[in-house]
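A closer look at the structure
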Amino acid sequence: MRTNTNVELDAGTKTFASGLLPDLIAALRCSRKGDLIAVIGSDPAIGPALEAWCRFTRNSLVETTVDGGRTRWVLRYGEAPEDVGDDRPVGSRLWLYTNFDCNLSCDYCCVRSSPKAPRRALGVERVRRIAIEAAELGVSEIFITGGEPFMLPDIGKIIAACAASMPTTVLTNGMLFAGRGLATLRALPRERVAFQISLDSPTPERHDDHRGNGTWARAWKGIERARAEGFRVRLAATVSTDAEAEEFRGFLDAHQVSEENRVIRRIALRGSAEQGIALARADLVPEVTITADGVFWHPVGAEDNDLLVSREIFPLAESFAAVRRAFDRESDHQRRLARIFNCA
Ligand code: SF4
């Protein structure tokens, strides 16, 4: 299913070297910030040129699809919506990648996790220090993710260290709540810890297609187990199309899952994914993300160099300041470019 856009610009045989640029600028002049513009062409050389042009002009190339020998590039006029950061100040949420190994190897995993991925554990001592410093910086919630956090023998201590400082949500595939995992689950404080468990579709087919046979049933069992143990459980679906999102909404309605306990997001073209929404740094309001390898701009690219902010985690105040400085600088740059562009 192709993304609907505000403007469809058929490049015909034009390229950036032969008349496409004036057409593109004309299309932008009839558009508003946030509009999507599709450029359809036959020459693959348009792609790299369009990507470079988008970077230079601070627009965002968000999708590329090929159909019948023609390529359709979708760009958004401008960067992330201007009001996104208003109700979620930079630094209000903190993401921790506790590890990168996983019991699954989903085909769209944004950090290429799998049973073979090196663990790259953050470690309980670093997490303790992060949680304490984060509380001093005014962070209001920690999100623990991976990899699969329950692969770690000390995940109980890690979650407890975070929960001692502030409310903590653990992102998990929900499949390791047995034996040691179940004992860990039972020992956690219900009032400070919530779980976000991945379930991609109302029935197993699509979920299992991406994540492996039998995984839907095991995830559902994990959801029921965490709920039965008294935890708040948020269901998170990763989908490819608006139709899949709508279908999943119906499923959540039928199961009386409230709005605050549901997350539906599109597959991001990062990590192992071969299709999905292309996200540039400029598209992402930063959410400080810490891994064993350093501090990143956003959890969706927590091993990608374009989102790396610093190799140094501590002092945490400096990491946060580095992210805010970069965000302010880029927002200011965007504003200036927008004015120059509008007057051209
Ligand atoms: S998407 Fe989640 S469950 Fe799947 S491989 Fe990645 S970390 Fe593991």
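Owing to the predicted nature of the structure, the values given are computational and were not obtained by experimental measurement.

1. Points about the site of the ligand
Within the structure, the ligand sits among Cys102, Leu104, Ser105, Cys106, Cys109, Ser113, Gly146, Gly147, Asn173 and Arg211. Partitioned by chemical class, the residues of the shell around the ligand number four nonpolar, five polar and one charged.

2. Things to note about the sheet that holds strand 9 (residues 232-239)
Here nine strands make up an open sheet; going across it, the order is 10-9-8-7-6-5-11-12-13 and the pairing mixed. Two strands close off the open sheet at either side, each with one partner strand: strand 10 (262-266) and strand 13 (308-310). Put simply, the sheet's adjacent strands are angled 25 degrees from each other on average, direction ignored. As judged from the five bridges shared by strand 5 (residues 93-97) and strand 6 (residues 141-145), these two strands associate in the parallel manner. The residue bridging Trp95 from the neighbouring strand is Phe143, located in strand 6.

3. Topic: the pattern of salt bridges
Enumeration according to the criterion identifies 22 salt bridges in this entry. Between Arg70 and Asp10 there is a salt bridge, with the nearest N and O atoms lying 3.0 Å from each other. Residue Arg70 is located in strand 4 (residues 70-76), and its partner Asp10 is located in strand 1 (residues 7-12); the two are separated by 60 residues in the primary sequence. Note that Arg249 and Glu246 form a salt bridge whose closest N and O atoms lie 2.7 Å from each other. With Arg249 and Glu246 both in helix 8 (residues 242-254) and three residues apart, this pair spans about one turn of that helix. Residue class for Arg249 comes out partly exposed when judged on its relative accessible area of 33%.

4. Quick notes on the confidence of the model for the chain
Across the chain, pLDDT averages 90, with 92% of residues at or above 70. Predicted confidence is poor over residues 337-344, with pLDDT under 50, and the contacts of this stretch with residues over four places away or in other chains come to eight contacts.

5. Some points on the side chain of Thr184
By the secondary structure assignment, Thr184 is in helix 5 (residues 180-186). Thr184 sits in the buried class, given a relative accessible area of 13%. If we ignore the near neighbours within four places in the chain, the residues touching Thr184 are Phe150, Ile155 and Gly156.

6. A short note on the packing of helix 6 (residues 204-211) against helix 7 (residues 215-228)
One way to put it is that helix 6 packs onto helix 7 with a least axis distance of 8 Å and a crossing angle of 105 degrees. Relative to helix 7, helix 6 is oriented roughly perpendicular. Facing helix 6, whose interface residues are Pro204, His207, Asp208 and Arg211, helix 7 presents Thr215, Trp216 and Ala219.

7. Thoughts on the packing of aromatic side chains
This structure, assessed with the given rule, holds 10 aromatic pairs. Ring centres of Phe150 and Phe195 lie 6.2 Å apart, and the angle between their planes is 50 degrees; on these two criteria the pair is classed as tilted. Of this pair, Phe150 sits in the loop between strand 6 and helix 4 (155-165) while Phe195 sits in strand 8 (residues 193-198), placing them 45 residues apart in sequence. Across the pair, Phe195 and Phe150 agree in class, each one buried.

8. Things to note about the side chain of Arg234
Secondary-structure assignment places Arg234 in strand 9. As a buried residue without a salt bridge, Arg234 has its nearest oppositely charged side chain in Glu141, at a separation of 4.5 Å. Once residues within four sequence positions are removed from consideration, Arg234 is found in contact with Glu141, Phe143, Thr169, Phe195, Gln196, Ile197, Glu260, Asn261, Arg262 and Val263.

9. Describing the packing of helix 3 (residues 124-136) against helix 4
At a minimum axis distance of 9 Å, the contact between helix 3 and helix 4 shows a crossing angle of 10 degrees. By the criterion of interaxial angle, the relationship of helix 3 to helix 4 is roughly parallel. For the pair helix 3 and helix 4, contact is made by Val124, Val127, Arg128, Ala131, Ile132 and Ala135 and by Lys157, Ile158, Ala161, Cys162 and Ser165, respectively. Partitioned by chemical class, the residues of the contact of helix 3 with helix 4 number eight nonpolar, one polar and two charged.

Calculation criteria
Residues numbered from 1 in each chain as written. Predicted model: local features only at pLDDT ≥ 70, side-chain atom pairs only at ≥ 80, totals over all residues. Heavy atoms only, no water. Near = heavy atom within 4 Å. Nonpolar A, V, L, I, M, F, W, Y, C, P; charged D, E, K, R; others polar. Pairing = 2+ DSSP bridges. Helix = DSSP H or I, 4+ residues; strand = E, 2+ residues; numbered from the N terminus. Axes fitted to C-alpha atoms, helices over the stretch in contact; angles between N-to-C directions. Salt bridge = Lys/Arg side-chain N within 4 Å of Asp/Glu carboxyl O. Buried < 20%, exposed > 50% of the residue type's maximum accessible area, 1.4 Å probe, protein only. pLDDT = per-residue confidence, 0-100. Contact = heavy atoms within 4.5 Å. Parallel < 35°, antiparallel > 145°, perpendicular 65-115°, else oblique. Phe/Tyr/Trp six-rings, centres within 6.5 Å; stacked < 30°, edge-to-face > 60°. Lys, Arg positive; Asp, Glu negative; His and termini not counted.

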